[in-house]
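Coordinate analysis (summary)
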Amino acid sequence: MTEIKVNLSQDLKPVPEDDKLGFGIHFTDHMLVMDYNPDQGWHNLQITPYGSIEVDPSMMVLHYGQAVFEGMKAFRAKDGGINIFRPRDHFQRFNNSAARVCIPEFDIEELLGGLVKLLEIDNRWVPSTHGTALYIRPFIFATDQFLGVRPSHTYKLMIILCPVGAYYAEGFNPVKIMVEDKYVRAVRGGIGAIKTPGNYAASLLAAVEAKEKGFTQVLWLDAIEQKWLEEVGTMNIMLKLGDEVITPPLNGSILPGITRDSTIKLLQQWQVPISEKQISIDEVMAAGHSGLLKEMFGTGTAAVISPVGSIHYRKESVVINHGQVGELSQRLFDEITAIQYGDKADANHWIETVTI
Ligand SMILES: *Cc1c(COP(=O)(O)O)cnc(C)c1O
């Protein structure tokens, strides 16, 4: 295991109160940094005070977007320790994302060692109120000072941390979703299956227009026929039709969500029928009108489970479960969060514990 250089901050910041955290606003005292060059590979793993970095105007990522990121969470356990949720799976996806945009892969165990060290150092930033968490944002970007389209030779990997408030501080709030039939997010063979900034740039205008019309999120359809459900904003999507749960398959343009995977595994263990299969927007609207559509929810790290209260497609709307949270959505949310805080046994070995 490589040695981790640590340079502690001499100027610690005050930690905000648990009820004033918001999301993605406050950053901790330290960050993890690692560099890549062709001679040394990934090297110089260090923890330094959180702060600005110098950026040359020709830095390649600014021009060609060669970058990837991750998003995961750590939770304060009752015994005072820290529970990281599925970090190896997140780092594996991080490496898969990197490979797709020609960024060299890193050693997962080495990076996990660095993350654990960073969490030990910034331990006081992990909030403890139920519903709060420490959001972990690893990212890699191309640092060559060069104009011209080719993979960069040098990269920087960083991890920054931010304490985040309860997503549902005022209780579960089912969202209003607009089915997007003008713009598309990603196409098979493209980069929709990885966490890379370009996907989010591509989604902004649709989200802005949907917000102007009073919707919370957009539901993306496939880019070719604009017929098959793909995903919602930064979440995967699941529907309960009768007694069966359906989610679109990982066809190459959908992000393989870790929460999606956790949800599928739990449903299988509960013997709730779950299948990964294509479902068209026409089938969904028909099921909404006939009453077959019982529940619909998004899955993602930030919200865990986000119930959908209504969907709007062209001139038609359907309200799902009277706009209320469904039983299965609630059960999944309760189960996953209980595992994350260590209140329930971790039968699937999803938790990596940091002892403080
Ligand atoms: C991150 C993300 C998800 C959800 O993935 P999780 O691992 O569950 O957080 C779904 N869709 C998109 C586009 C995402 O960026």
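Thresholds, definitions, all that
- Residues numbered from 1 in each chain as written.
- Predicted model: local features only at pLDDT ≥ 70, side-chain atom pairs only at ≥ 80, totals over all residues.
- Heavy atoms only, no water.
- Helix = DSSP H or I, 4+ residues; strand = E, 2+ residues; numbered from the N terminus.
- Rg over C-alpha atoms; globule rule 2.2 N^0.38 Å.
- Buried < 20%, exposed > 50% of the residue type's maximum accessible area, 1.4 Å probe, protein only.
- Contact = heavy atoms within 4.5 Å.
- Areas by Shrake-Rupley, 256 points an atom, 1.4 Å probe, with all protein chains shown as cover.
- Lys, Arg positive; Asp, Glu negative; His and termini not counted.
- Charge placed at Lys NZ, Arg CZ, Asp CG, Glu CD.
- 1 Å grid on protein atoms, 1.4 Å probe; cavity = no way out; pocket = protein on both sides within 12 Å on 5 of 7 lines; lining within 4 Å.
- Points joined across faces, edges and corners; volume = space filled by probe spheres on them.
- Nonpolar A, V, L, I, M, F, W, Y, C, P; charged D, E, K, R; others polar.
- Domains from an automatic or database assignment.
- Expected span 1.5 Å × (residues − 1).
- Pairing = 2+ DSSP bridges.
- Axes fitted to C-alpha atoms, helices over the stretch in contact; angles between N-to-C directions.
- Parallel < 35°, antiparallel > 145°, perpendicular 65-115°, else oblique.
- Left-handed = near helix turned anticlockwise from the far one by under 90°.
- Near = heavy atom within 4 Å.
- Polar contact = N/O pair within 3.5 Å; in protein donor to acceptor, adjacent residues only side chain to side chain.
- Sits in = over half its atoms within 2 Å of the grid points.
- Patch = residues over 30% accessible without salt bridge, like charges linked within 9 Å, V, L, I, M, F, W, Y side chains within 5 Å.
- Salt bridge = Lys/Arg side-chain N within 4 Å of Asp/Glu carboxyl O.

Focus: the overall build of the protein
Each helix and strand in the protein was counted, giving 7 helices and 18 strands. In terms of C-alpha radius of gyration, the protein reaches 21 Å, essentially the compact-globule figure of 21 Å for 356 residues. For the protein, buried positions account for 52% of its 356 residues. The contacts of the protein with a sequence gap of at least 6 include a subset with a gap of at least 24, amounting to 71%. Here the protein has roughly 16100 Å² of accessible surface; of this, 52% comes from carbon and sulfur atoms. Averaged over its 32 positive side-chain charges, the protein has a centre that lies 4 Å from the centre of its 43 negative ones.

A closer look at the layout of surface pockets
Its boundaries defined by the atoms lining it, the largest pocket holds a volume of some 970 Å³. Y167, Q217, T234, M235 and A302 are the residues nearest the centre of the largest pocket, which is lined by 46 residues in total. Among the elements of the structure, α2 (87-100), β7 (133-142), β8 (155-164), α4 (197-212), β10 (217-221), β12 (235-241), α5 (258-269) and β15 (293-300) are those that each provide at least two residues to the lining of the largest pocket. Per-element accounting of the lining of the largest pocket gives the leading share, 6 residues, to α4. Taken together, the residues that form the lining of the largest pocket break down as 20 nonpolar, 18 polar and 8 charged. Looking at which domains feed residues into the lining of the largest pocket, each of domain 1 (5-165) and domain 2 (175-340) gives three or more. Taken as a whole, the second largest pocket spans an internal volume of roughly 250 Å³. Around the second largest pocket sit 21 residues that line it, and G131, Y167, Y168, F333 and T337 are the ones nearest its centre. Where the lining of the second largest pocket is concerned, the elements lending two or more residues are β5 (72-76) and α7 (327-340).

Observations concerning unusual backbone geometry
Even without being glycine, Q271 reaches a positive phi, approximately 60 degrees. Note on placement: Q271 falls in the loop between α5 and β14 (274-276). Even without a glycine there, the phi angle at H322 is positive, about 55 degrees. Its location among the elements puts H322 in the loop between β17 (316-319) and α7.

Topic: α5
Relative to the 16 Å expected for 12 residues at 1.5 Å per residue, α5 spans 17 Å between its end C-alpha atoms, a close match to the ideal helical length. Once α5 ends, the next one or two residues include Q271, with phi positive near 60 degrees.

Quick word on the pairing of strand β16 (residues 304-313)
Counting buried residues in β16 gives 9 out of 10 residues, a clear majority hidden from the surface. Note that strand β9 (residues 175-179) and β16 share 4 bridges and pair parallel. From the neighbouring strand, M178 faces β16, where its bridge partner is H312. Between the antiparallel neighbours β15 and β16 lie 3 residues.

A word on the packing of α2 against helix α3 (residues 108-121)
Two numbers describe how α2 lies on α3: the axes approach to 10 Å, and their chain directions differ by 125 degrees. Overall, the two elements α2 and α3 adopt an arrangement that is oblique. Considering the relative orientation of α2 and α3, their crossing is right-handed. Of α3, the residues touching α2 (which contributes P87, R88, F91, Q92, F94 and N95) are I108, E109, L111, L112 and L115.

Re the site of the ligand
Taken together, 16 residues form the shell around the ligand, and within it K195, Y200, E231, T259 and T301 come nearest. A distance of 2.6 Å is found between an oxygen atom of the ligand and a side-chain nitrogen or oxygen belonging to T259. Computed on the free molecule, the ligand has an accessible area of 380 Å², of which 97% lies beneath the protein chains in the complex. Put simply, the ligand lies in the largest pocket. Looking at the shell around the ligand, the elements with two or more residues in it are α2, β12 and α5. The class makeup of the residues in the shell around the ligand is 4 nonpolar, 8 polar and 4 charged.

Observations regarding a nonpolar patch on the surface
A cluster of nonpolar residues, I53, V55 and L62, forms a patch on the protein surface that exposes about 240 Å² of accessible area. With respect to the helices and strands, V55 occurs in the loop between β3 (41-49) and α1 (60-64). Given the relative accessible area of 39%, V55 is considered partly exposed.

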